[in-house]
Amino acid sequence: MNDDIRNLVLGVAAAGISAALGWVARTYLWRRALRRKRAFFGLPPGSESLLVVNREAGRDGSVHRFDVFALLELSALIQDCGAHAQIVWHDTAQQGIGDRAEFCVGGPFSNRRMAAHLHSMLPGCQINTDPERGPDQGSFRIGAERYRLEPGVAEYALLARLTTGRDSRPVFLFCGQRAITNQAATRYLARNHRQLARKHGSNSFCLLLKVVNSRAYGPDVVEVVADVTDAARSPRPAATVSHRANG
C-alpha cells in the first residue's frame with residue numbers, strides 16, 4: 001500500500017470516527033434534554049396527564065378559540081414527552097392532585113378547578129370575578145399589590161408550577177385575565193421551559209406575566225413582571241396597593 005492510498009484510508013477512517021462520535025454526542029445531549037423535560041413536566045414516557053379547560057362565558061359546551069390554541073400548544077409539549085393527555089371540563093375534573101401531571105387553563109370565573117387550586121395552593125393571589133363592570137373587574141391582587149386589566153393594551157396572567165410533595169406530579173396553572181392571556185402563558189412556557197427547569201428544578205414557582213399590546217401582537221409579547229411565589233403562597237393580606245397595568 002503506497003502512501004497515497006494509506007492517507008486516503010486514514011482520512012476516511014478519521015471522518016467515520018468523527019461522524020460516529022458526533023452522532024453519539026448529539027444523541028446523548030438529546031436524551032438528556034428529553035429526560036429533563038419529562039422531569040420538569042412530570043411526564044414519564046407512556047404516562048397520562050390531565051388538560052383541564054374552562055367553558056366560554058355564556059356558552060355551554062364551547063371553548064374560546066384562544067383556549068383551544070393554548071390546549072394545542074400544551075398537547076404538543078405532552079406528545080414530545082411521549083405521554084398522553086385527557087381533556088376534561090373544569091366542572092367534571094373531580095379528582096385529587098399529584099397522581100397525574102395536570103395543566104389547568106382559564107381564570108377562576110369560568111374554571112371552577114382553577115378557583116380551587118388558587119384557594120388551596122395560592123391563597124395570597126386574589127382575582128376579582130365580579131361580573132359588574134368597574135376598574136377592578138378581573139384585576140389580580142397578589143400580596144399587597146393589585147394589577148388591573150387594560151384590555152388589548154396591558155393584561156396579566158399567572159404561570160405556576162405547583163407540587164404537593166416530593167413524589168407528586170406537578171400542576172401547571174395558566175390563569176389569565178382574558179382568554180388570549182391564557183394562551184400567552186402557555187406559549188411562554190413552551191418557549192422557556194428549559195430556562196425555567198434550570199432555574200427552578202422540581203420546585204414550585206409562580207410567575208406574574210404581562211401581555212403587552214395583544215391587539216397588535218396577540219399572545220407573543222410577554223414580559224415577566226415578577227416571581228411572586230412567596231407572596232402568592234402566603235395568607236391573604238389585609239391591605240392592598242393598586243397599580244395601573246402599564247405602571
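Scroll up a little and you will see the structure.
Everything in this summary refers to the structure shown in the same document. (Residues numbered from 1 in each chain as written. Predicted model: local features only at pLDDT ≥ 70, side-chain atom pairs only at ≥ 80, totals over all residues. Heavy atoms only, no water.)

1. Quick look at unusual backbone geometry
Step number 1: Unlike most non-glycine residues, Asn213 shows phi in positive territory, near 50°.
Step number 2: By relative accessible area, Asn213 is classed as partly exposed at 27%. (Buried < 20%, exposed > 50% of the residue type's maximum accessible area, 1.4 Å probe, protein only.)

2. What about the pattern of salt bridges?
Step number 1: According to the stated counting rule, one finds six salt bridges in the structure shown.
Step number 2: One salt bridge in this structure joins Arg187 and Glu73, with 2.8 Å as the shortest N-O distance. With Arg187 in helix H4 (residues 179–200) and Glu73 in helix H2 (residues 65–80), the pair connects residues that are 114 residues apart, well separated along the chain. Each member of the pair, Arg187 as well as Glu73, is classed as buried.
Step number 3: Arg113 is the salt-bridge partner of Glu102, the closest N and O atoms lying 2.7 Å from each other. Of this pair, Glu102 sits in strand E3 (residues 101–105) while Arg113 sits in helix H3 (residues 112–121), and the two are eleven residues apart along the sequence.
Step number 4: Accessibility expressed as a relative area gives 8% for Arg113, which makes it buried.
Step number 5: Through salt bridges with shared partners, a single network forms among Glu73, Arg187, Arg191 and Asp220. (Salt bridge = Lys/Arg side-chain N within 4 Å of Asp/Glu carboxyl O. Helix = DSSP H or I, 4+ residues; strand = E, 2+ residues; numbered from the N terminus.)

3. Examining the nonpolar core
Step number 1: Of all hydrophobic cores here, the largest spans 26 residues; its most connected members are Phe41, Leu43, Phe103, Phe174, Leu189 and Leu196.
Step number 2: If you list the elements that add at least two residues to this core, you get helix H1 (3–41), strand E1 (48–53), H2, E3, strand E7 (154–162), strand E8 (171–176), H4 and strand E9 (205–212).
Step number 3: Ignoring sequence-local partners within four residues, the contact set of Phe174 consists of Leu74, Phe103, Cys104, Val105, Gly106, Met114, Leu158, Leu159, Asn182, Ala185, Thr186 and Leu189.
Step number 4: Counting 25 residues, the second-largest nonpolar core is a separate cluster that includes Leu118, Cys125, Leu208 and Ala232. (Core = buried A, V, L, I, M, F, W, Y, C linked by side-chain atoms within 4.5 Å. Contact = heavy atoms within 4.5 Å.)

4. Things to note about the packing of H2 against H4
Each pair of packed helices can be summarised by the angle the axes make with each other and by the distance between the axes.
Step number 1: The geometry of H2 relative to H4 is characterised by a closest axis approach of 7 Å and an angle of 20° between their N-to-C directions. Looking at the two axes, H2 sits roughly parallel to H4. Every pair of crossing elements has a handedness; the one defined by H2 and H4 is left-handed. Residue-level contacts link Phe66, Asp67, Phe69, Ala70, Glu73, Leu74 and Leu77 of H2 to Ala179, Ile180, Asn182, Gln183, Thr186, Arg187, Ala190 and His193 of H4.
Step number 2: Along the lines of polarity and charge, the residues of the contact of H2 with H4 split into eight nonpolar, four polar and three charged. (Axes fitted to C-alpha atoms, helices over the stretch in contact; angles between N-to-C directions. Parallel < 35°, antiparallel > 145°, perpendicular 65-115°, else oblique. Left-handed = near helix turned anticlockwise from the far one by under 90°. Nonpolar A, V, L, I, M, F, W, Y, C, P; charged D, E, K, R; others polar.)

5. Details of the sheet that holds strand E2 (residues 84–89)
Sheets are built from strands that pair by backbone hydrogen bonding, the pairs being arranged parallel or antiparallel.
Step number 1: Strand order in the open sheet formed by seven strands is E2-E1-E3-E8-E7-E9-E10, with mixed pairing between adjacent strands. Of all the strands in the sheet, the pair left with one neighbour each is E2 and strand E10 (222–227). Within this sheet the neighbouring strands show an average axis-to-axis angle of 20°, counted without direction.
Step number 2: In this structure, E9 lies alongside E10, joined through five bridges in antiparallel fashion. The residue of E10 that forms the bridge with Leu209 is Val224. (Pairing = 2+ DSSP bridges.)

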